[in-house]
Amino acid sequence: MSTSGKEPVAVVGVGQTKHVAARHDVSIAGLVREAAVRALADAELTWADIDAVVIGKAPDFFEGVMMPELYLADALGAVGKPMLRVHTAGSVGGSTALVASGLVAARVHRTVLTLAFEKQSESNAMWGLSLPVPFQQPLLAGAGGFFAPHVRAYMRRTGAPDTVGSLVAYKDRRNALKNPYAHLHEHDITLEKVQASPMLWDPIRYSETCPSSDGACAMVLTDRAGAARAPKAPAWLHGGAMRSEPTLFAGKDFVSPQAGKDCAADVYRQAGITDPRREIDAVEMYVPFSWYEPMWLENLGFAEEGEGWKLTEAGVTELDGDLPVNPSGGVLSTNPIGASGMIRFAEAALQVRGRAGEHQVPNARRAMGHAYGGGAQFFSMWLVGAEPPTS
Amino acid sequence: MPTTSRYARDVAVVAFAQSDHLRRTDELSEVEMVMPVLHEVLAATGLKAGEIGFTCSGSSDYLAGRAFSFTMTLDGVGAWPPISESHVEMDGAWALYEAWVKIQTGEADTALVYAYGKSSPGSVRDVLTRQLDPYYLAPLWPDSVALAALQARALIDAGQTDEAALAAVGARSRAAARHNPHAQLRGSVAQGDYQVAPLRTGDCPPVGDGAAAVILAAGDSARRLCERPAWITGIDHRIEAHGLGLRDLTDSPSTRLAAERAGFFDAPVDTAELHAPFSSQEVVLRKALGLGDEVTVNPSGGALAANPMMAAGLIRIGEAAARIHRGASDRAVAHATSGPCLQQNLVAVLEGDRA
């Protein structure tokens, strides 16, 4: 067996469900199977071609099923195969894809199905996230309550004008209109409507928050030989990394966490990227609250510290800008929490495969998928390209 | 050197630590339960958290009773500066598998794996019913002991065991646990009344709290960190159908397949650490692996002596490795299970360097 480096990993199939507030027509098993079947169809493979299944989702309390992979083994064709269940909070969709890619890169398996889902209509995500814990704030009221003070800190630190958040939301909701799988299709969206929406967690307005969605996303990952047989252009993995830091400690920078910076730096090193702003053609970034776009632009090295909001304001991150961010509409338009990270990774793959449809960025050769979770403490990212990696 | 090398890199368990497993630990948070174990396993190798290439943990939000419970224990690891880290909502044996894959890619040379679970805050029998098919099975609340009893009944009806033989499994396990200072039940334990017939108290695992940690290392790093590394010469895991009516409960084909893929059948083992929470499940696993009386089964006492949820599988790998470390075993098999009636199974083959 070769010990000369890792096996190159290719994305040869992508499948998503149409994300909606409540899929009353399918069970959890029906939901995940829909995405998996679409990914297999895209790759023109069958269940028999799959060697292992890696599944991820956010907390089990969201559906009220403990370790649902046990029950889902049959629906995902995993019987008789290895099945792994990843859970790294909001970053889980991304980490799940990375764990699956590791199986191929290590030459443990040749073709792996990876899938992430959330059926949030089975419960109430906000309160599922707000169970009381001794010695912690008695009520955070969901993720917005946790993140709003950090957005405030960003505004104070950078002097960004109040209007930047609404620009992001307006852009992402318009992009979503071009994505048939996106949850929110607000055909009558205007900037004024975003700005007039109710204040939820100051400074975050209703229209600057993500929806609660039911949905699933799946990918088929394979090795070099599998990619050679693929009927459609694959996306090649050029770099992937995870980084974690503690939730609470005195030195933590909640505005621009060190783990995010380190994770991006590792991915760029693997992919040979020295100037991300120039060398990356599209970014699918985990932006659950609109202000996180300018914040992550800085954290990921696309802008100098304090300058992220200027890129947003200048239209650089628009679909027709020179660094499109969330051409799919992003988490602000579609948020089945456990799947949201994988959707970012999968949309990046669709961009470099030239298969993103109406929200395709012309001639995208390198795209980044980004996810984060917990108290802005878990990060997972990958960079995919239209060409196979050279090293 | 390992006798077989089917993978890109030779990876070994170089250190193992576990807590004392107790019926209740009301005075300890999960972080407080995990931290001494982390410190102990790191001290055994002299490594610091920041020098570890990859960290992976296994636990369950449902036991903790809150979403994202593992974020708190990560604080206990001391993940600063930031670390490369992941988590499986599974027994820690699968966290070890993820870490082993990571080392195989060459992205890490060492890994810290830990797992923990507190069953005492709730009724674990009730909690585990939430693992079942949420539409057809979970609403009936069949608990874990009732499901294991179905399996035991199937075995007895098939003539593969009887109640006396099952009682002997429990008695042997707890007698072995006399030498295990961490075990929850040690020595002579009454067989007791039926919990769910045909299973009596003595056939069932104790309910308790506990944690465990393991350090993995590749090649020369393993030799530097451990006098006699426990090389993982094979590791694989397989899942079966969820529906109990779709399976032959007297057999475990997923264990057999995982063992085959892990190279278990290539040479004899002297030790088996089996994750069999119920006495009847040891019968099923012995058959699946074809274990004879010459193999020492569960010298630690196994899950019948201590069954901290989410850590008990990782402990089997740790106990098997520790026997190799101290020269009591040359080739051992470790097994972990998940889900009702042995639905999902992991098999690892561990070998020590021959003198």
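Now for a quick tour of the structure. Owing to the predicted nature of the structure, the values given are computational and were not obtained by experimental measurement.

1. Section: the interface of chain B and chain A
By convention, interface size is frequently given as the accessible area that disappears when the constituent parts associate.
Thought 1: The interface is formed by 56 residues belonging to chain B together with 58 residues belonging to chain A.
Thought 2: Taken together, both faces of the contact between chain B and chain A bury some 4,900 Å²; the carbon and sulfur share is 66%.
Thought 3: Along the contact surface separating chain B from chain A lie one salt bridge.
Thought 4: A salt bridge links Lys6(A) to Glu107(B), with the shortest nitrogen-to-oxygen separation between them at 2.8 Å.
Thought 5: Where chain B packs against chain A, one counts 16 residue pairs in polar contact (both at pLDDT 80 or more).
Thought 6: Every element with two or more residues in the side of chain B that touches chain A is listed here: helix H2 (61-64), helix H3 (70-77), strand S3 (85-88), helix H4 (92-104), helix H5 (124-129) and strand S8 (230-239) of chain B.
Thought 7: Per-element accounting of the side of chain B that touches chain A gives the leading share, six residues, to H4(B).
Thought 8: Each residue belonging to the side of chain B that touches chain A can be placed in one class, and the counts come to 29 nonpolar, 15 polar and twelve charged.

2. Focus on the pairing of strand S12 (residues 344-351) of chain B
Residues and elements named next belong to chain B.
Thought 1: Of all eight residues that make up S12, eight are buried, and the element is covered over most of its length.
Thought 2: Of the two faces of S12, the one holding Gln-344, Leu-346, Ala-348 and Leu-350 and the one holding Asn-345, Val-347, Val-349 and Glu-351 are both buried throughout.
Thought 3: In the sheet, S8 pairs with S12 via eight bridges, with the strands oriented antiparallel. Residue pairing in the sheet places Arg-238 in a bridge with Asn-345 of S12.
Thought 4: In this structure, strand S11 (residues 331-338) lies alongside S12, joined through eight bridges in antiparallel fashion. Within S12, the position partnered with Val-333 by the bridge is Val-349.
Thought 5: Hairpin connection, S11 to S12: the antiparallel pair is bridged by five residues, and Gly-339 has positive phi, about 85 degrees.

3. Quick word on unusual backbone geometry
Thought 1: Residue Pro203(A) is reached from Asp202(A) by a cis peptide bond, and omega for that bond is 10 degrees.
Thought 2: Positionally, Pro203(A) belongs in the loop between strand S5 (199-201) and strand S6 (204-205).
Thought 3: Following Ala197(B), the chain continues into Pro198(B) via a peptide bond in cis, with omega recorded as 5 degrees.
Thought 4: One non-glycine residue, Asn363(A), lies in positive phi territory at about 55 degrees.

What counts, and where the lines are drawn
Residues numbered from 1 in each chain as written. Chains lettered and ligands numbered in written order. Predicted model: local features only at pLDDT ≥ 70, side-chain atom pairs only at ≥ 80, totals over all residues. Heavy atoms only, no water. Contact = heavy atoms within 4.5 Å. Buried area = accessible area lost by both parts, 1.4 Å probe. Salt bridge = Lys/Arg side-chain N within 4 Å of Asp/Glu carboxyl O. Polar contact = N/O pair within 3.5 Å; in protein donor to acceptor, adjacent residues only side chain to side chain. Helix = DSSP H or I, 4+ residues; strand = E, 2+ residues; numbered from the N terminus. Nonpolar A, V, L, I, M, F, W, Y, C, P; charged D, E, K, R; others polar. Buried < 20%, exposed > 50% of the residue type's maximum accessible area, 1.4 Å probe, protein only. Pairing = 2+ DSSP bridges.

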